[in-house]
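Structural overview for review
What follows is each chain in one-letter form.
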Amino acid sequence: MRLLLLFFPLILIADAADERIKSLEDRILHLEGQHNTTASNIDDMQSVVDSVERKSFTDVIDFTPEVRLRFDKMHYKVGEFEPVPTPSSDGSIDRNRDDFDKDFGIASSVRFRLNMRAKLLEDISFHGRLVFQHSTQSDQRLCILSNDIKTSGSISGIDFDRAYFDYRFSHHSDYPFIFSFGVLPTSGGTPMQYAEVRARQSVFPALVFDMDSYGVILTSELTHLFGGKSFLRAIAAQAYTLDPNIYPYQCNRETIDNADIYGLYFDTRLTPYTLFSAGVNILHALKAHPYLGPDVTADNADNLGTMVTFGLGVDAEKIADSGMTLFVHTAMSHPRANGNVDDYGPGSSVNFSNSDYATGEMLSTDGYSVYTGILYDLGHTWILGGEYNYGSKYWFAATQGAEDMYNKLATRGHVGEGYLIWKFDRYMFTKVGYMYTKEAYTGSGWHFGTPIEKNGLQQVGYLQLNASF
């Protein structure tokens, strides 16, 4: 008993120790559980943080690709319109030949563009676009300019056609301003976007001014003053030409070597679906040469003076609450020569032609053009469209950077085009079309020389596939 009494406290202490040990073990297990839960939460939080960081990055930099695949089949016919030179010994195509009549093989091209947009700060954004063009256009070229142009193999070109910053200030004012500088969005203007099922790519009307440039644009929003959404834009820039291989068929173009651009443009919404635009564009110290091949460079061209172009237009969508779109644009070109002469005739370093239209000062007479079209959206899947444009004998279009394959707005004569568009979905469409061009005078797209009558006929059937995201 005495032993029992002696060991009883020890037994109680042992039991208490066991309880405390068990309690400590339970607390340890509980803490381990909390630790595991906390670690799991930390992993979850890290996953969320990573997701937010990725989202923030993609929100800042947005890349959107687009691809166009196109096939063209052309017939070209022209009668004698100038003294005919001695035929080439190799029998190659010669634009000066009388009664030229040819069916061309199918030409194909693919264009890839990568659009980039970054919202850097609340009032600052960046926009860029990389262009890659590949074409099979070689000796079966669709535009006959000289024996030297693209006579072997397929061609490729790559370039940036825009890379500019927008800075918006006076954000809370009734008249906010946007300052843009860099490689500017001055090609693909209204109303060319309708036939490509997209938003307009330039803030300027295509018939007046559609070329590549770098410089500054100042935009003033005047919505508070005019009621409808309204903008006044001033531009000061330099004109230039992208890699010539980006324009595979090279119709009605010159290579701009130098020109100072000054312009003032206004557009306003007369209704939510009707845009009115007007503007004046000045190409000062205009130096450019026809795209005639590798032997013609800036050294062959002189500054011939200044070209002023005035224009106005109306684009009306959803007419009478239907799927109909109608646009009408007109423009006038007003040259001011300085007396200098470009010469691509006999005796020059590049003997392109025996005719006066390849030699001379800047044009001396005003020219004009009209451009109209109508489209109808058939059930949001099919679009039926038709367009017509006319350029007078002395018409000059500042459209050297036009995205249109044939730069049809520069034509001195008549151009009619019809097309049917099938939209697979909001990102893809296919387009089949036919274009008829009646060249009434020589020198389409040129700013110099003396135009003479020309009976040229070009017929083109084409198939185009587009995807943009």
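Residues numbered from 1 in each chain as written. Predicted model: local features only at pLDDT ≥ 70, side-chain atom pairs only at ≥ 80, totals over all residues. Heavy atoms only, no water.

**Regarding the packing of aromatic side chains**
The description of an aromatic ring pair rests on the distance of the ring centres and on the angle between the ring planes. Keep this limit in mind: Between rings of Phe, Tyr and Trp, where Trp is taken as its six-membered ring, a pair exists when centres lie within 6.5 Å; planes separated by under 30 degrees are stacked, by over 60 edge-to-face, and by other angles tilted. Secondary structure elements are defined from DSSP: runs of H or I of at least 4 residues count as helices, runs of E of at least 2 residues count as strands, and each element is numbered from the N terminus. Think of it in three bands: residues with accessible area under 20% of the maximum for their type are buried, residues over 50% are exposed, and the middle band is partly exposed, with areas taken using a 1.4 Å probe on protein chains only.
Tallied over the full model, the rule gives 18 aromatic pairs. Ring centres 5.1 Å apart and planes at 25° place the aromatic pair Y427 and F469 in the stacked group. Of the two residues, Y427 sits in the loop between β17 (413-423) and β18 (428-441) while F469 sits in the segment after β19 (453-468), which places them 42 residues apart along the sequence. Residue class for F469 comes out exposed when judged on its relative accessible area of 53%. Following the ring pairs from residue to residue traces out a cluster consisting of F126, F165, F179 and F181.

**Observations regarding the pattern of salt bridges**
Quick note on the threshold: The rule for a salt bridge is simple: a side-chain nitrogen of Lys or Arg has to be within 4 Å of a carboxyl oxygen of Asp or Glu.
Under the criterion given, the structure shown has 15 salt bridges. Salt bridges sharing partners connect three or more residues here, namely E66, R113, R129, D161, R162, R198 and E403.

**A short note on the pairing of strand β8 (residues 230-240)**
Just so we agree on the cut-off: When DSSP finds two or more bridges between a pair of strands, those strands are recorded as paired.
Within β8, eight of the eleven residues are buried, leaving the element largely enclosed by the surrounding structure. Sheet topology note: the strand β7 (residues 212-221)/β8 ladder contains ten bridges and is antiparallel. Bridge pairing in β8 links S213 to A239. The pairing of β8 with strand β9 (residues 254-271) spans nine bridges and is antiparallel. Within β9, the position partnered with L232 by the bridge is F266.

**Focus: the pairing of strand β3 (residues 107-121)**
Inspection of the sheet shows strand β1 (residues 61-78) paired to β3 by twelve bridges, in the antiparallel sense. Within β3, the residue paired with E66 across the bridge is R113. Two elements, β3 and strand β4 (residues 124-135), share twelve bridges in a ladder whose sense is antiparallel. Looking at the pairing, F112 lines up with F132 of β4. Count of turn residues in the β3/β4 antiparallel hairpin: two residues.

**Considering the nonpolar core**
This is how it is decided: Think of a nonpolar core as a cluster: buried Ala, Val, Leu, Ile, Met, Phe, Trp, Tyr and Cys residues, connected wherever their side-chain atoms sit within 4.5 Å.
Ranked by internal contacts, the top residues of the largest apolar core, which has 50 residues, are F209, M211, I235, I261, L283, L286 and Y344. Of all the secondary-structure elements, those providing two or more residues to this core are β8, β9, β10 (274-290), β12 (324-337), β15 (367-378) and β17. Sorting elements by how many residues they give to this core places β9 first, with four residues. Counting residues in hydrophobic clusters, the runner-up holds twelve residues, among them V78, M405, Y406 and V415.

**Quick word on the side chain of T430**
Threshold: Polar contact is the term for a pair of N or O atoms within 3.5 Å; when the atoms are in protein, one must be able to donate a hydrogen and the other to accept it, and sequence-neighboring residues count only if both atoms are side-chain atoms. Contacts were defined at the residue level, with two residues in contact if any of their heavy atoms lie within 4.5 Å.
Relative to the helices and strands, T430 resides in strand β18. One polar contact links the side chain of T430 to the main-chain carbonyl oxygen of Q464, over a distance of 3.2 Å. Not counting chain neighbours up to four residues away, the residues in contact with T430 comprise L420, I421, W422, F424, L463, Q464 and L465.

**So, the side chain of R129**
With respect to the helices and strands, R129 occurs in strand β4. Reaching out from R129, the side chain makes a polar contact with the side chain of D161 at a distance of 2.6 Å. Within the structure, R129 has its side chain in polar contact with the side chain of Q201 (distance 2.9 Å). With sequence-adjacent residues up to four places away left out, R129 is seen in contact with R113, L114, N115, M116, D159, F160, D161, R162, S187, Q201 and E403.

**Remarks on the environment of R129**
Look at R129 and you get buried, because its relative accessible area is 0%. Distance in space between the C-alpha atoms of R129 and Y164 is 9.6 Å, their sequence separation being 35 residues.

**With respect to the environment of K77**
Counting through the fold element by element, K77 comes out in strand β1. For K77, a relative accessible area of 44% corresponds to the partly exposed category. Between the C-alpha atom of K77 and that of D103, which follows or precedes it by 26 residues, the distance is 8.8 Å. Beyond its immediate chain neighbours, meaning those up to four positions away, K77 contacts F100, D101, N455, G456 and L457.

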